[in-house]
Amino acid sequence: MKKLVSAILLIAAGVAPEVVSAQSAGTATEGFTLVWQELFDADSLNRDRWNIEINGAGGGNNELQYYTDRTENVRVENGCLVLTARREQYKNKNFTSGRINSKKLIAFTHGMIEASIKLPSTANGLWPAFWMMGNDYDEVGWPRCGETDILEMGNADGIKSGSQNRYFNGACHWGQGWPAASYAKASSHLYSLQDGEFHLFTVVWDETGIKMYVDRDKYPKYNPYYKLDCPQTEPDNEWSPGNYFHKDNFILFNLAVGGDFTGIHQAGNITALNDENGNEASMLVDYVKIYQKGVDSEHTDFNDRGDLDTGIISVELADDNIYEITFSGDELTTKAPELSLFTPAGRCVAKSATGQISTAGLTPGIYLASNRQNTIKVLIKH
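Here is what the cut-offs are and how they apply
- Residue numbers restart at each chain and count upward from 1, following the sequence in its written direction.
- Local features are withheld for residues below a pLDDT of 70 in this predicted model, meaning they are given only at 70 or higher, and side-chain atom pairs are given and counted only at 80 or more; totals for whole chains, interfaces and linings count all residues.
- By convention in this description, side-chain values take in all heavy atoms of the structure and omit both hydrogens and water.
- Runs of H or I in DSSP of at least four residues are treated as helices and runs of E of at least two as strands, each being numbered from the N terminus.
- Partly exposed describes any residue whose relative accessible area lies between the buried limit of under 20% and the exposed limit of over 50%, with all areas from a 1.4 Å probe on protein chains only and scaled to the type maximum.
- By definition in these notes, contact holds between two residues if any of their heavy atoms fall within 4.5 Å.
- Calculation of accessible area relied on Shrake-Rupley with a 1.4 Å probe; when residues are assessed, cover is drawn exclusively from the protein chains displayed.
- For our purposes a nonpolar core is just a set of buried Ala, Val, Leu, Ile, Met, Phe, Trp, Tyr and Cys residues, chained together by side-chain atoms within 4.5 Å.
- Residues qualify for a patch when their relative accessible area is over 30% and they have no salt bridge, like charges being joined within 9 Å and the nonpolar side chains of Val, Leu, Ile, Met, Phe, Trp and Tyr within 5 Å.
- Here, a salt bridge means any side-chain nitrogen of Lys or Arg that lies within 4 Å of a carboxyl oxygen of Asp or Glu.
- Pairing of aromatic rings covers Phe, Tyr and Trp, the last counted by its six-membered ring, and requires centre-to-centre distances within 6.5 Å; plane angles under 30 degrees mean stacked, over 60 mean edge-to-face, and any other angle means tilted.
- Any Lys NZ or Arg CZ found within 6 Å of a ring centre and within 35 degrees of that ring's normal is scored as a charge over the ring.
- Two strands are counted as paired when DSSP detects at least two bridges linking them.
- A 3.5 Å cut-off defines polar contacts: any pair of N or O atoms within that distance qualifies, except that in protein one atom must be a possible hydrogen donor and the other a possible acceptor, and neighbouring residues in sequence count only when both atoms are side-chain atoms.

Visitor: Help me out: how do you make sense of the overall build of the protein in this one?
Guide: The helix and strand inventory of the protein stands at two helices and 28 strands. Counting every position in the protein, which comprises 382 residues, the buried fraction comes to 55%. If you take every contact in the protein between residues at least 6 apart in sequence, the share linking residues at least 24 apart comes to 68%. Accessible area for the protein stands at about 16,400 Å²; split by element, carbon and sulfur atoms hold 46% of it.

Quick look at the structure:
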């Protein structure tokens, strides 16, 4: 697969530059830097970033929809991804809908991922989801690939309690085979998440585990609604979650109809698609963003640089001298005679007396480029 190579100058400072804040106003950044984003601003879905799934297999959950690649079900409109569930006869199914993933296109290990989502009314029978799976799914299958469900709504328990506009959950699934090991935690939020507004769903994922948050841009002090500790692999325990959640993952969005999660398996019991809404409802995604800190445990495998500004940038320092680093092909170059490249943890990964470093063999991510007197932060993406 052809990989795009680019570099972004992020910051100019002294020997110890500060980390650039994340781009979402109000988000508790905790030292993260934006490394990839999808703003859905194009006229159509970018197929260098996303696969559209086509099948009526029921997702392994006895779901009632057929996923199509028709614009009626999957489209980009007004700066948003739009996934639409419809009540219609299609290939022996009573419903159609949309599901996309970034498998083998956009994948990463560790960081913070967030998506701004407008949810449909799920009552009764819709099942919107924002989640991740291991990028080795095709090779090892499920549940060995590991699955992280950041947002799911429409659960049968929420239907029973009459609170499904506030009732949602996060979950993780892993293991050597069926039945999979699972840990799910449901929450009843303080206010409706199906109010016609966009809500921010965030996962912070690192070498210690996984934490999930809702509307952290508005309420940064909220505790996580889900937390899974999986600090390290345990070779003697093949069912330990740490063996499944420290590798590249890809992103998924989908809007399912019925199935085991909702407890509804008959088309006539799906009330969310009705005459009042024209027998269709949509899940909208305004954006999805990936942030990282530049630590050694992180990794990226991006087929596309995402909606980030890139190019050659000159940075003016306090002494009015221009310290310029340029990037062309696989070469990082400075006018200074010496150039060293470090990880944020301080490990030197490349050094040159000529001011030119090849980045071809480096893992994509965040680095510090230094000429001894000054240091800048660069993002290298392959």
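From this point, the narrative continues.
Visitor: It is not clear to me how the nonpolar core should be interpreted in this structure. Could you clarify?
Guide: Grouped burial of nonpolar side chains is what soluble globular proteins tend to show. Formed by 61 residues in total, the largest nonpolar core has its most connected members in Ile 113, Ile 117, Phe 130, Phe 201 and Phe 253. Sort the elements by how many residues they give to this core and strand β19 (residues 280-292) lands first, with five residues. Contacts of Ile 117, omitting those with residues within four sequence positions, involve Phe 130, Leu 151, Glu 197, Phe 198, His 199, Phe 201, Phe 253, Met 283, Leu 284 and Val 285. Ile 357, Leu 362, Ala 369 and Val 378 belong to the second-largest nonpolar core, a separate cluster that totals nine residues.

Visitor: What should I look at first to understand the environment of Ala 267 in this one?
Guide: As for its placement among the helices and strands, Ala 267 is situated in the loop between β18 (249-257) and β19. In sequence terms Ala 267 and Phe 95 are 172 residues apart; their C-alpha atoms lie 8.2 Å from each other. Apart from residues lying up to four places away in sequence, Ala 267 is in contact with Leu 64, Arg 87, Asn 94 and Phe 95.

Visitor: Would you take a moment to explain a nonpolar patch on the surface for this structure?
Guide: A grouping of Tyr 137, Trp 142 and Trp 178 is seen on the molecular surface, where their side chains present a nonpolar patch of about 380 Å² in accessible area. In this fold, Trp 142 is placed in the loop between α1 (137-140) and β12 (147-153).

Visitor: Even after reading the chapter, I still don't get the packing of aromatic side chains, so can you show me in this structure?
Guide: Ring pairs (aromatic) are described by centroid distance and by the angle formed between their planes. A complete count under the given rule lists 15 aromatic pairs for this structure. An angle of 65° between the planes, with centres 6.4 Å apart, marks the rings of Trp 36 and Trp 50 as edge-to-face. Placement of the pair is Trp 36 in strand β2 (residues 33-38) and Trp 50 in the loop between β2 and β3 (51-52), with a sequence separation of 14 residues. Here the aromatic rings of Phe 130 and Phe 253 are separated by 5.0 Å at their centres, their planes lie at 10°, and the arrangement is stacked. Of this pair, Phe 130 sits in strand β11 (residues 126-134) while Phe 253 sits in strand β18, placing them 123 residues apart in sequence. Every member of this aromatic cluster is reached through a ring pair, and the members are Trp 36, Phe 40, Trp 50, Phe 130, Phe 253 and Phe 302. Directly above the aromatic system of Tyr 213 lies the positively charged group of Arg 216, at a separation of 3.9 Å from the ring centroid. Sitting over the ring of Phe 32, Lys 293 keeps its end group 5.0 Å from the ring centre.

Visitor: Just checking my understanding: could you explain the pairing of β11 for this structure?
Guide: As a general feature of sheets, a regular strand has side chains that alternate between the two faces. Of all the nine residues making up β11, nine are buried; the element is thus mostly covered by neighbouring parts of the structure. Inspection of the sheet shows β11 paired to β18 by nine bridges, in the antiparallel sense. Residue pairing for β18: Trp 127 is matched across the bridge by Ala 256. The pairing of β11 with β12 spans five bridges and is antiparallel. By the bridge assignment for β12, Phe 130 is matched with Leu 151.

Visitor: I keep staring at the environment of Lys 103 and nothing clicks. Help me out?
Guide: Assignment of secondary structure puts Lys 103 in the loop between β8 (99-101) and β9 (106-109). Note: C-alpha distance between Lys 103 and Asp 248 (145 residues apart in sequence) is 9.9 Å. Discounting chain neighbours no more than four positions away, the residues touching Lys 103 are Asn 51, Asn 135, Tyr 137, Asp 138 and Phe 250. Polar side-chain contacts of Lys 103 include one of 2.9 Å to the side chain of Asp 138.

Visitor: Which parts of the structure should I look at to understand the side chain of Thr 109?
Guide: Secondary-structure assignment places Thr 109 in strand β9. Exposure remark for Thr 109: the relative accessible area of 5% places this residue in the buried category.

Visitor: In this structure, what is going on with the pairing of strand β6 (residues 80-90)? I would like to understand it.
Guide: Where strand β5 (residues 74-77) lies against β6, four bridges are found, and the strand directions are antiparallel. Paired with Val 74 across the two strands is Leu 83, which belongs to β6. If you look at the hairpin formed by β5 and β6, you'll find two residues sitting between the two strands, and Asn 78 has a positive phi there, around 55°. Here six bridges tie β6 to β19, and the two strands are oriented antiparallel to one another.

Visitor: Quick question: what am I supposed to make of the pattern of salt bridges here?
Guide: Once their charged atoms are close, side chains differing in charge can pair, the charge on each being opposite to the other. Inspection of the entire model under this criterion finds 12 salt bridges. Here the salt bridges do not stand alone but share partners, grouping Glu 38, Arg 49, Asp 304 and Asp 307 into one network.

Visitor: Would you explain the environment of Thr 71 in this entry?
Guide: Residue placement: Thr 71 occurs in the loop between β4 (65-67) and β5. C-alpha separation for the pair Thr 71 and Leu 83, spaced 12 residues apart in sequence, amounts to 9.0 Å.

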